[in-house]
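# Structural features, examined
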Amino acid sequence: MKLKLPSPGELGDRLRDSEVWKSIFRPGSVFRKGYKDTSRDRALATMNNVLYHLHPTKVKRHGLKLTYTFCLGGLSFFLFIVLTVTGIFLMFFYRPMADLGGAQAYADMQSIRTTVFFGDWMRNMHRWGAHLMVFSVTLHMARVFYTGAYKPPREFNWVVGVILLFLTLGLSFTGYLLPWDQLSIWAVTVGTSLGGYAPFIAKQANFLLLGGAVVGPQTLLRWYVLHVLALPFVLVLFLAVHFWRIRKDGGISGPL
Ligand code: HEM
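Residues numbered from 1 in each chain as written. Predicted model: local features only at pLDDT ≥ 70, side-chain atom pairs only at ≥ 80, totals over all residues. Heavy atoms only, no water.

### Side note on the packing of aromatic side chains
The test is simple: Aromatic pairs are defined between Phe, Tyr and Trp rings, using the six-membered ring for Trp, whenever the two ring centres lie within 6.5 Å; interplanar angles under 30 degrees are classed as stacked, those over 60 as edge-to-face, and all others as tilted. Burial here depends on accessible area, computed with a 1.4 Å probe over protein chains only, as a share of the maximum for the residue type. Under 20% is buried, over 50% is exposed, and the range in between is partly exposed.
What the rule picks out here adds up to 10 aromatic pairs. For the ring pair Tyr-150 and Trp-158, a centre distance of 5.8 Å and an interplane angle of 65° mean the geometry is edge-to-face. Accessibility expressed as a relative area gives 29% for Tyr-150, which makes it partly exposed. Here Trp-158 falls in the partly exposed class, since its relative accessible area comes to 27%.

### A word on the coordination of the iron atom of the ligand
For clarity, the cut-off: Here the coordinating atoms are restricted to nitrogen, oxygen and sulfur within 2.8 Å of the metal centre, or 3.2 Å for Na, K and Ca, and because water is not among them the sites may look incomplete. Just to be clear on the cut-offs, tetrahedral is four donors with all angles between 85 and 135 degrees, square planar is four donors and octahedral six with opposite donors over 155 degrees apart and all others between 65 and 115, and anything else goes down as irregular. For helices the rule is a DSSP run of H or I covering at least 4 residues; for strands it is a run of E covering at least 2, with both sets numbered from the N terminus onward.
With distances of 2.1 Å, the protein atoms coordinating the iron atom of the ligand are His-140 (NE2) and His-242 (NE2). Here the iron atom of the ligand binds 6 donor atoms, and the angle range of 87 to 179° at the metal identifies the geometry as octahedral. Residue His-140 is found in helix α7 (residues 119-146), and its partner His-242 is found in helix α11 (residues 217-248); the two are separated by 102 residues along the sequence. With respect to class, His-140 is no different from His-242; both count as buried.

### As for the site of the ligand
Keep this limit in mind: The criterion for a residue being near a molecule or strand is simple. One of its heavy atoms has to lie within 4 Å of it. Polar contact is defined as a pair of N or O atoms within 3.5 Å, subject to the rule that within protein one atom must be able to donate a hydrogen and the other to accept it, and that residues adjacent in sequence are counted only when both atoms are side-chain atoms. Residues are grouped as follows: nonpolar covers Ala, Val, Leu, Ile, Met, Phe, Trp, Tyr, Cys and Pro; charged covers Asp, Glu, Lys and Arg; every other residue, Gly included, is treated as polar.
Taken together, the neighbourhood of the ligand is formed by 26 residues, with His-140, Arg-154, Gly-161, His-242 and Ser-253 sitting nearest. Here an oxygen atom of the ligand and a side-chain polar atom of Arg-143 are 3.1 Å apart. Broken down by secondary-structure element, the contributors of at least two residues to the shell around the ligand are α5 (72-91), α7, α8 (155-177) and α11. Within the shell around the ligand, the residues separate by chemical class into 14 nonpolar, 10 polar and 2 charged.

### Things to note about the packing of helix α6 (residues 104-114) against α7
Here is the rule we go by: Orientation is described by lines fitted to C-alpha atoms, with helices fitted over the stretch in contact, and by angles between N-to-C directions that extend from 0 to 180 degrees. Working definition: roughly parallel below 35 degrees, roughly antiparallel above 145 degrees, roughly perpendicular at 65 to 115 degrees, and oblique for all remaining angles. Contacts between residues were defined by any pair of non-hydrogen atoms, one from each residue, lying within 4.5 Å.
Direction vectors running N to C along α6 and α7 enclose 115°, while the axes themselves pass 5 Å from each other. One way to sum up the angle between α6 and α7 is to call them roughly perpendicular. Contacts between α6 and α7 involve Met-109, Ile-112 and Arg-113 from the first element and Gly-119, Asp-120 and Arg-123 from the second.

### A closer look at the nonpolar core
Spelled out, the test is: Side-chain atoms within 4.5 Å link the members of a nonpolar core, which is a set of buried Ala, Val, Leu, Ile, Met, Phe, Trp, Tyr and Cys residues.
Within the largest apolar cluster, 18 residues are counted, with the highest numbers of intra-cluster contacts made by Tyr-94, Leu-177, Trp-180, Val-215 and Leu-220. Among the elements of the structure, α5, α6, α9 (182-193) and α11 are those that each provide at least two residues to this core. It is α11 that provides the largest number of residues to this core, a total of 3 residues. Other than its neighbours up to four places away in sequence, Tyr-94 contacts Ala-105, Asp-108, Ile-112, Leu-178, Leu-220 and Tyr-224. If you look at the next biggest cluster of nonpolar residues, it comprises 13 residues, including Leu-83, Val-137, Val-160 and Leu-171.

### So, the side chain of Ser-29
Examined against the element boundaries, Ser-29 turns out to sit in the loop between α2 (19-24) and α3 (39-47). Residue classification places Ser-29 among the buried residues on the basis of a relative accessible area of 14%. There is a polar contact of 3.0 Å between the side chain of Ser-29 and the backbone nitrogen of Phe-31.

### Examining a nonpolar patch on the surface
Convention followed: A patch is a set of surface residues, each over 30% in relative accessible area and not in a salt bridge, joined within 9 Å for like charges and within 5 Å for the nonpolar side chains Val, Leu, Ile, Met, Phe, Trp and Tyr. Only the protein chains shown count as cover for residues, and the accessible areas themselves come from Shrake-Rupley with a 1.4 Å probe. Each reported salt bridge corresponds to a side-chain nitrogen of Lys or Arg within 4 Å of a carboxyl oxygen of Asp or Glu.
Together, Phe-77, Ile-81, Val-85 and Phe-243 give the surface a local cluster of nonpolar side chains, amounting to about 330 Å² of exposed area. Ranked by residues supplied to the nonpolar patch, first place goes to α5 with 3 residues. Its location among the elements puts Phe-243 in helix α11.

### A closer look at the pattern of salt bridges
Applying the stated criterion across every chain, the model contains 8 salt bridges. Between Asp-108 and Arg-95 there is a salt bridge whose closest N-O contact spans 3.0 Å. With Asp-108 in helix α6 and Arg-95 in the loop between α5 and α6, this pair connects stretches of sequence that are 13 residues apart. Residue classification places Asp-108 among the buried positions, given a relative accessible area of 4%.

### Describing the environment of Ile-88
In this structure, Ile-88 sits in helix α5. Taking C-alpha positions, Ile-88 is 37 Å from Pro-153, a pair spaced 65 residues apart along the chain.

Scope: geometric values only; no functional claims are made or implied.
Structure follows, in structure tokens:
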């Protein structure tokens, strides 16, 4: 008896009919049997895909015009991702310690620059990325203002944006202390003494920022926790709200 082997096409069909295949690829996926390049199937593919569903199924044509947004919000987000990746890299080699008569933080920063493989490159990406992010967020805000995109229904997202701006500045400022060199220690001394001029709560504000009377090891630890954990966590939460609101407010504003 001659054994009839299925053709590659039949094999493919059987595979795509199997329950295992269907459990992996959701309806509307281009890998599902019977996918057609219709408006409905394209929308289904976007909605049912874990990555694509972050995008709206349809985008208005004016929203794609580069010279309207200059993609400055997208650029700010991209820089945030770069900063997260390079920051995690730096965390493997940096200890926020400056007590017991030593300056471990400064020594770690120096060894990142000199002995860690790709260390100086990563550190510079992190530093330049931070400067660029402050710059791009500021330009993004200016663009939103210039195009009047803060007007209803987007006024709430403007407020979310202002919080994002302060969080970005907070990240930049807290990160500045971490190299623990003369520049950072004195910059933070000047910066935090501003808190000492706050009405009514001057002393408390200063103590809260420094964890003591002057910039010291306790300030370093405090700002490190804010820099690598607290502020990025809050920023991600507000970013999620920011992006969600863009969708709910009808996508990018534009000439109507
Ligand atoms: C971490 C900082 C920020 C990120 C990552 C971010 C990201 C984005 C992105 C990706 C967009 C889509 C349009 C575009 O790319 O321009 C957008 C839109 C918008 N952003 Fe931001 N943003 C940030 C900060 C801000 C700030 C500081 C403001 C204002 C105070 C702001 C207000 C808005 C508004 C009102 C829109 C809607 C604009 C429109 O519909 O034309 N955002 N943002």
